[in-house]
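Spelled out, the chains give:
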Amino acid sequence: MNQLAIPHDHLETLELKNTLKKQKILRWLKGMLFLAPSIILFSIFLFYPLARSIYLSFFLTNNTGVPTVFVGFENYINIFTSPIFRNSLQSTFLFVLYTVPGAIIISLFLAIIANEKLKGIGFFRTMFSSTMGISVAAASVFWMFLFHPTMGWLNQILSYVGVDAIGWLTDPKWALLSVSISTIWMNIGFTFLILLGGLQSIDRYLYESADIDGAGYFYQLRRITLPMLSPTLFFVITVALINAFQTFGQIDMLTRGGPQNQTNLLVYSIYREAFMNYQYGPASAQAIVLFIIILIITLIQFKLGERKVHYQ
Amino acid sequence: MKPVELINISKSYDQEQHVLKEINLTIEKGEFFVLVGPSGSGKSTLLRMIAGLEAITDGKLKFNGKLVNHLPPKDRDLSMVFQNYALYPHLNVEQNILFGLRAKKIAEDEQKRRLMQTTEMLGLSDFLKRKPKELSGGQRQRVALARSIVSESPLCLMDEPLSNLDAKLRAQMRMEIKRIQKKLDLTMIYVTHDQVEAMTMGDRIMVLNDGVIQQVGEPIELNNAPTNLFVASFIGSPKMNIGSAYIENHQIVIEDTLRISADITTVTGWLKERKFTVGIRAEHIKQTTEEHATHQLEVVNVEQLGNETLITFEIGNVLWTAKWLGQWLVSVGDYVPVSISMENIHFYDTNTGDLLKAAEQEKEREGIAL
Amino acid sequence: MTMSLRRKVILYCLLVVSALFLFAPTIIAFSMSFMTNQDIMTGKIIPTSISFENYFHVFQRFPLLKYMFNSFVVSIAIMLGQLALASLAAYAFVFIEFKGRDVLFFLFIATMMVPFEALIIPNFQTIRDLGWIDSYQGLSIPFFAMAFGTFLLRQNFKQIPKELKEASEIAGMGDLKFYLTVVLPVARTSLVTLGVYGFLTSWNMYLWPLLATTDNEYRTVQIGLRQLQSQEQLNEWGVIMAGAIIVVIPTLILLFVGQKKLQQGLAEGALK
């Protein structure tokens, strides 16, 4: 029977191959259909503008943003020789240096004390995460008042202790620090929430076993909590770094980049260059600088995090 | 027309890793067919290929004479029960059971009729409005079963459906599944790693190892004439006692220690000058009186199972276990008289593991390990 | 494990002091929003009499209701858009096997490296050329596609046993139906988490609404607050605070209700 069936079988095999190929194509189409909305929007609002930004950064434009003169790397050379932009970069890095460790250390402390099983702990957790629900604009308004030269609480407290009033937002020496303080406050909510989540995912048997071994509180903190929390900390640091480089709202609300450009952070500088001075070319060059900084941070995160973070 | 035919079916990943090699198999209508093998043997993959959940690399799969390699699962007219039951957690029992019927847009009153019938058969009528997480393991199992039955597909596939249940429930469900299968005249392909399940449920069994068929046959056949050492040690509980052997002075010498007189005329021809391995089932190391004993063996371990006793002896470098019905008060260190008969011994080629000669006498039907 | 009394006392002290410090700016603002100008000028902590005048003023002088409505529309649109797009994409990445899937997934991950702030210039031009300045679609559509959400949902969908998908394949259920009737209901907890997160971030969005609106008709509350602050900076702090409190109330409520879920959900997306 086998021998008789060969020609028929051969046809069957051919047909089979065709159907399987068709099914494969259909599956591909189906997959793409599910992804299409995301891919289309990413293309319009992410990939295209990224390419366009790079393109614009090599041109001078008229004030509606139409490229007019090709200038090569001149925009880049100009911004890096401009004291204003260099100052802006310096302020940005200082700002990052103030806010990232500040927010993380405070949040870590809060997360640790809020991770205990106590009555009413839910209330404290809610309090600690509350700043996540407060918008940049509202938070800036709150702090604007606290920083107010005469009525503000900070200066009132200082005058109680007999210290001279500080021009929190108006003194070039203080402005960046003041903005940083308010930013730390704004970022605590989110950072706290993530760190608390990380702490709660640590297996409590580790602590029970350490208790039996007679390890003290701080020993456990150092030897169990922090090492087990390191992937979470790592993630939080990366997010905080990226967020810090993208800061805009509080600058716009509190200082408008002043005094003496001391708080002219990168994104604010891009905004000012593009939408106030209509210098789209140089602004694009600055935007590319921002993109590269973020790219480097994320790449470092991927590289370092490879061992801990699995994207599978 | 056979309901299921596998012709030279192979499976490999990336053209390298061969999971299944040239499987040929025909399954009869109304048959309870069991695929058994250790984990990683490819038995689940084979079942999933039959279901259409896994692509067939090579070969032909035919249902009722028609090629179905390319058909998606829904067009193969079969039902399947999964190891983890695959119950939809957000649907209640009734919705879970009717899931497939609704997907296929079967008429409402027909749905109702089948639901009534099935839930009554499985004793689920009182749980229809419960969610899966409010059910016990056994009840979930029944829901999965009901979902399969309600489809009224002639072919039913089961992938280790009982492995998440405790031992008692498992024994009960074994009977129930078998009963339903016979009652509805289903063609069943059942995957398990548990040889007891295979032996008790299967009309026919296929033993699979490393993607290669070891033996296909009825349970008795597998027990009485395992075609190779793998099947011999895989089927039966406790597993078959195995030892290397040679012939010397008209005697078979096992593990250099145990000597058994052989009727040389029946064995010399094909055993001479060959390294071979012998196997004997635990129930064939028989308890006997001093005068009928062929050997006196030292006991190294005793397991009292209540209705039977497992006694372990050391034979050279290997441990052999005897299974005696009833309760025997022996203790470690005792020498006990046993009788081992030539006619209960299976002979295997040491190098290939293939059966040279099955035991002559496997008449004792109580000897089938259950 | 029982805790010693001494340790309990220390912990409660730390918790209370930290909570006071952290919540002080909000409390002060809240308290000021009920004060008369007189009280504020004299540096009172607790209002001498509770007055709703500031709230009355802020609604009277500013189209705050209009702003809030706009913010709601935009935030809900973004939330729904993100949920739809992210869950569709995540579904494809988990349940449909097709060629190039891994490359596309990598591309999605890569989009997380591009900060939106670096793209504002061309995006502004795009919206302008589309005539979407001062429109709800201009405020919301650019944020629909979201790598983080896709990633979070993908992690979650992967926990759905693949046998559920296989069982529905055998039952003859197509992908779209399986996505709608099984995947979405089963994964509703993480959809809620992502929704809360999406709403929070959209409501609090600042830079894009600043660029994409010129007209009060479409302005969101955050930009409204900016306007309020720059116009009333000098003395009417009570009114400004009343405005700020109104702006934060919806998000604070959402956060208080969804805090636990958000915390679990975000940690999951971040670390798995």
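Residues numbered from 1 in each chain as written. Chains lettered and ligands numbered in written order. Predicted model: local features only at pLDDT ≥ 70, side-chain atom pairs only at ≥ 80, totals over all residues. Heavy atoms only, no water.

Per an unreviewed UniProt entry, chain C carries the name Carbohydrate ABC transporter permease and comes from Natronobacillus azotifigens. Heading Sequence similarities (unreviewed entry) of the UniProt record for chain C holds this comment: "Belongs to the binding-protein-dependent transport system permease family." The UniProt entry for chain C carries this comment under Subcellular location (unreviewed entry): "Cell membrane". (UniProt positions renumbered as here; feature names shortened; annotations may be inferred.)

Chain A goes by Sugar ABC transporter permease in an unreviewed UniProt entry, where it is assigned to Natronobacillus azotifigens. According to the UniProt record, the Sequence similarities (unreviewed entry) comment for chain A reads "Belongs to the binding-protein-dependent transport system permease family."

Draft legend 1. Inspection of the sheet that holds strand β10 (residues 212-217) of chain B at higher detail. Residues and elements named next belong to chain B. Taken in spatial order, the six strands make up an open sheet running β6-β7-β8-β3-β9-β10, and their pairing is mixed. Edge positions in the sheet fall to β6 (78-81) and β10, since each of these pairs with one other strand and no more. Going across the sheet, the axis of each strand differs from the next one's by a mean of 15°, ignoring polarity. With five bridges connecting them, strand β3 (residues 32-36) and strand β8 (residues 187-192) associate as parallel partners. In the sheet register, V36 faces β8, and the bridge partner there is T192. Strand contacts of helix α4 (residues 137-150): β6 and β7 (155-159), with the helix running at about 175° to β6, the strand carrying the most contacts. (Pairing = 2+ DSSP bridges. Helix = DSSP H or I, 4+ residues; strand = E, 2+ residues; numbered from the N terminus. Axes fitted to C-alpha atoms, helices over the stretch in contact; angles between N-to-C directions. Contact = heavy atoms within 4.5 Å.)

Draft legend 2. Looking closely at the interface of chain B and chain C. Every contact between the two is made by 19 residues of chain B and, on the other side, 19 residues of chain C. Considering only the side of chain B, the residues that lose the most area to chain C are Y88(B), H90(B) and F99(B), jointly responsible for 30% of the buried surface there. Linking chain B with chain C are one salt bridge. Across the salt bridge formed by E166(C) and R48(B), the nearest N and O atoms sit 2.7 Å from each other. Of all the elements in the fold, those that place two or more residues in the side of chain B that touches chain C are β6 and α2 (93-103) of chain B. (Buried area = accessible area lost by both parts, 1.4 Å probe. Salt bridge = Lys/Arg side-chain N within 4 Å of Asp/Glu carboxyl O.)

Draft legend 3. Geometry of the pairing of β10(B). Pairing between strand β9 (residues 204-209) of chain B and β10(B): five bridges, direction antiparallel. If you follow I205(B) over to β10(B), its bridge partner there is G217(B).

Draft legend 4. How the structure looks around the UniProt feature "transmembrane region" (unreviewed entry) in chain C. All names here are of chain C. According to UniProt, the feature "transmembrane region" (unreviewed entry) maps to residues 72-96, 103-124, 136-157, 178-200 and 237-257 in the numbering used here. Helix makes up 96% of residues 72-96 and strand 0%, whereas the separation of the span's terminal C-alpha atoms amounts to 35 Å. In the segment residues 237-257, helix accounts for 100% and strand for 0%; the C-alpha atoms at its two ends are 30 Å apart.

Draft legend 5. Broad picture of the pattern of salt bridges. Taken as a whole and assessed by the stated rule, the structure comprises 27 salt bridges over all chains. Here E116(A) and R7(C) are joined by a salt bridge, their closest N and O atoms 3.3 Å apart. Taken together, the positions of E116(A) in the loop between α3 (83-114) and α4 (121-129) and R7(C) in helix α1 (residues 5-32) put the pair across two chains. Judged by relative accessible area, R7(C) falls into the partly exposed class, the value being 27%. For the salt bridge of D129(C) with R128(C), the shortest nitrogen-to-oxygen distance reads 3.5 Å. (Buried < 20%, exposed > 50% of the residue type's maximum accessible area, 1.4 Å probe, protein only.)

Draft legend 6. The packing of helix α9 (residues 162-171) of chain C against helix α10 (residues 175-186) of chain C, seen in detail. All names here are of chain C. At a minimum axis separation of 11 Å, α9 and α10 run at an interaxial angle of 130°. Classed by the angle they form, the pair α9 and α10 counts as oblique. Crossing angle aside, the handedness with which α9 passes α10 is right-handed. The residues of α10 that touch α9, namely those facing L164, K165 and S168, are D175, F178 and V182. Split by residue class, the contact of α9 with α10 holds three nonpolar, one polar and two charged. (Parallel < 35°, antiparallel > 145°, perpendicular 65-115°, else oblique. Left-handed = near helix turned anticlockwise from the far one by under 90°. Nonpolar A, V, L, I, M, F, W, Y, C, P; charged D, E, K, R; others polar.)

Draft legend 7. Just the packing of helix α3 (residues 108-122) of chain B against α4(B), in detail. All names here are of chain B. In contact at an axis separation of 10 Å, α3 and α4 are set at 140° when each is read in the N-to-C sense. The orientation of α3 relative to α4 falls into the category oblique. Considering only the axes of α3 and α4, their crossing is right-handed. Residues R114, L115, T118, M121 and L122 of α3 form the contact with α4, whose participating residues are R142, L145, A146, I149 and V150. Its residues placed into classes, the contact of α3 with α4 shows seven nonpolar, one polar and two charged.

Draft legend 8. The domain arrangement of chain A, seen in detail. Looking at the assigned domains, one finds that chain A contains domain 1 (1-47) and domain 2 (74-308). If you average the C-alpha positions of domain 1 of chain A and of domain 2 of chain A, the two centres end up 50 Å apart. (Domains from an automatic or database assignment.)

Draft legend 9. Local environment of the interface of chain C and chain A. At the interface, 96 residues of chain C touch 94 residues of chain A. The contact between chain C and chain A buries some 8,700 Å² in all, and 77% of this surface belongs to carbon and sulfur atoms. Across the salt bridge formed by D175(C) and K30(A), the nearest N and O atoms sit 2.6 Å from each other. If you look at where chain C meets chain A, you find 14 residue pairs in polar contact (both at pLDDT 80 or more). (Polar contact = N/O pair within 3.5 Å; in protein donor to acceptor, adjacent residues only side chain to side chain.)

Draft legend 10. Spotlight on the pairing of β3(B). All names here are of chain B. Counting buried positions along β3 gives five out of five residues, so the element sits mostly inside the fold. Residues F32, V34 and V36 point to one face of β3 and F33 and L35 to the other, with burial holding for every one of them. For β3 and β9, the ladder comprises four bridges, and the chain directions are parallel. By the bridge assignment, F33 is partnered in β9 with R204.

Draft legend 11. Layout of unusual backbone geometry. Residues and elements named next belong to chain B. Between S237 and P238 the backbone carries a cis peptide bond, its omega angle lying at -5°. One non-glycine residue, D77, adopts positive backbone phi at about 55°. When you line up the elements, D77 lands in the loop between β5 (66-67) and β6. Positive phi is not limited to glycine here, since D185 has a value of about 55°. Among the structural elements, D185 can be located in the loop between α5 (167-184) and β8.

Draft legend 12. Structural detail: the packing of aromatic side chains. For the structure on display, the rule yields 51 aromatic pairs over all chains. Look at F275(A) and F124(C): their rings are 4.9 Å apart centre to centre, the planes differ by 80°, and that puts the pair in the edge-to-face class. A residue pair is termed interchain when its members come from two chains, as with F275(A) in helix α11 (residues 266-275) and F124(C) in helix α6 (residues 120-129). Assessed through its relative accessible area of 14%, F275(A) is described here as buried. According to the relative accessible area criterion, F124(C) is buried, its value standing at 14%. Summarising the aromatic geometry, the rings of F93(C) and F105(C) are spaced 5.1 Å apart at their centres and angled 70° between planes, so their arrangement reads as edge-to-face. With F93(C) in helix α4 (residues 64-95) and F105(C) in helix α5 (residues 101-111), this pair connects stretches of sequence that are twelve residues apart. Given a relative accessible area of 11%, F105(C) falls into the buried group. (Phe/Tyr/Trp six-rings, centres within 6.5 Å; stacked < 30°, edge-to-face > 60°.)

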